[in-house]
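Geometric and topological summary
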Amino acid sequence: MVCLCQVNREKVNKHKLALYPGSFDPFTFGHLDVVSRASRLFDAVQITVAVNREKSPLFTIEERCAMVEEAVVGFTNVSVEPFEGLLVDHARLRGACALIRGLRQVGDFDYEFRMAFANRKLAPEIETVLLVTSEAHAFTSASIVRDVFRWGGDVSHFVPPTVVSALDKKRRENQK
Ligand code: PNS
């Protein structure tokens, strides 16, 4: 006979994995803030770094994965993986129950809602969870970081020290 407490324990023990997808070109303090919030809500968080051939990223997929791995080294339930294709296919493959996206300010809503509804149509069993970032990072975006970097500004306001080093290395490579 299965008692109620046993059923409840099984429910509690169900491993909840969330994917946190993005381009992360580069990984910012805003992304780190979202990872930190998601890692407290889920048993495991996998940061899925999109190859995204339509964009021409500053960093290669290998560089972005390495950069993210370095930045999240302190989180025991966070892993990093590259992906290409339909996000929900990858989520199903990994057994994820949720997709995490960060919301910085109202300007993000339109894009995030459209993406959430598209993903829900494709995979109704997977929830999109929109996490509001800390106001300290409300105006930090990867595109602003790339712009500041391009014009030689101080990017350390926006990205973790390991990413500053990766950007410095990229600058040296570009100067060769
Ligand atoms: O950091 P980004 O560039 O805003 O991330 C966008 C990303 C990679 C999450 C999104 O473009 C994506 O999920 N691409 C995979 C293709 C896909 O599944 N498209 C349908 C959902 S809109």
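Refer to the structure printed above.
For the structure given in this document, a descriptive report is provided here. Within any chain, residue numbers begin from 1 and follow the written order of that chain's sequence. Where totals are concerned, whole chains, interfaces and linings use all residues; where local detail is concerned, this predicted model gives features only for residues with pLDDT of at least 70, and gives and counts side-chain atom pairs only at 80 or more. Think of the side-chain values as coming from all heavy atoms in the structure, minus any hydrogens and water.

Things to note about the packing of aromatic side chains
Cut-off, in case you're wondering: Here a pair means two rings of Phe, Tyr or Trp (six-membered ring of Trp) with centres within 6.5 Å. Their orientation is stacked below 30 degrees between planes, edge-to-face above 60, and tilted elsewhere. Only protein chains enter the area calculation, which uses a 1.4 Å probe; residues under 20% of their type maximum are buried, those over 50% are exposed, and those in between are partly exposed.
Inspection of every chain in the model, using the stated rule, returns four aromatic pairs. Their ring planes at 75 degrees and their centres at 5.2 Å tell us that Tyr20 and Phe24 sit as a pair that is edge-to-face. For the pair formed by Tyr20 and Phe24, the shared burial category is buried. The interplanar angle of 50 degrees and the centroid separation of 5.6 Å between the aromatic rings of Phe24 and Phe27 together place this pair among those described as tilted. For Phe27, a relative accessible area of 0% puts it in the buried group. Each member of the aromatic cluster is reached from another via a ring pair, and the members are Tyr20, Phe24 and Phe27.

A look at the nonpolar core
Keep this limit in mind: In this text, buried Ala, Val, Leu, Ile, Met, Phe, Trp, Tyr and Cys residues form a nonpolar core when linked through side-chain atoms within 4.5 Å. Each helix is a run of H or I in the DSSP string that is no shorter than four residues. Each strand is a run of E no shorter than two, and both are numbered from the N terminus. The contact criterion used throughout is that any non-hydrogen atoms of two residues lie within 4.5 Å.
By size, the foremost hydrophobic cluster in this structure holds 32 residues, and its most contacted members are Phe27 and Ile47. For this core, the secondary-structure elements that each account for two or more residues are β1 (17-22), α2 (29-41), β2 (44-50), α3 (61-71), β3 (78-83), β4 (98-103), α6 (142-150) and α7 (161-175). By residue number, the principal contributor to this core is α3, which donates five residues. Here Ile47 is in contact with Tyr20, Phe24, Val35, Val68, Val72, Val78, Ser79, Val80 and Glu81, once residues within four sequence places are set aside. In this structure, Leu17, Val88, Leu99 and Ile126 belong to the second largest nonpolar core, which totals 12 residues.

Here's the deal with the site of the ligand
Just so we agree on the cut-off: Neighbouring residues are identified by heavy atoms, a residue being near a molecule or strand if any of them is within 4 Å of it. Think of a polar contact as two N or O atoms within 3.5 Å of one another; within protein, one of them needs to be a possible hydrogen donor and the other a possible acceptor, and neighboring residues in sequence only count if both atoms come from side chains. Under the scheme applied, nonpolar residues are Ala, Val, Leu, Ile, Met, Phe, Trp, Tyr, Cys and Pro; charged residues are Asp, Glu, Lys and Arg; polar residues are all the others, including Gly.
Looking at the ligand, there are 13 residues lining it, with Ser23, Lys55, Gly85, Leu87 and Arg101 nearest. In this structure, an oxygen atom belonging to the ligand sits 2.8 Å away from a main-chain N or O atom of Leu87. Of all the secondary structure elements, the ones that give two or more residues to the shell around the ligand are β1 and α5 (109-122). Looking at the shell around the ligand, the element that brings in the most residues is α5, giving three residues. In the shell around the ligand, the residues fall into seven nonpolar, four polar and two charged.

Describing the sheet that holds β3
The line we're drawing: In this analysis, strands are considered paired if DSSP registers two or more bridges between them. Think of each axis as a best-fit line through the C-alpha atoms, taken over the contacting stretch in the case of a helix, with angles from 0 to 180 degrees between the N-to-C directions.
Taken together, five strands build an open sheet; the order of strands is β3-β2-β1-β4-β5 and the sheet is parallel. Of all the strands in the sheet, just β3 and β5 (127-132) have a single pairing partner and so form its edges. Between one strand and the next, the sheet's axes are offset by a mean angle of 30 degrees, whatever the strand orientation. Both β1 and β4 contribute to a ladder of two bridges, which runs parallel. Across the sheet, Leu19 pairs through a bridge with Leu99, a residue of β4. Most of the contacts of α3 go to β2, to which it runs at about 155 degrees, and overall it touches β2 and β3. Packed on one face of the sheet, α5 meets β4 and β5 and runs near 170 degrees to β4.

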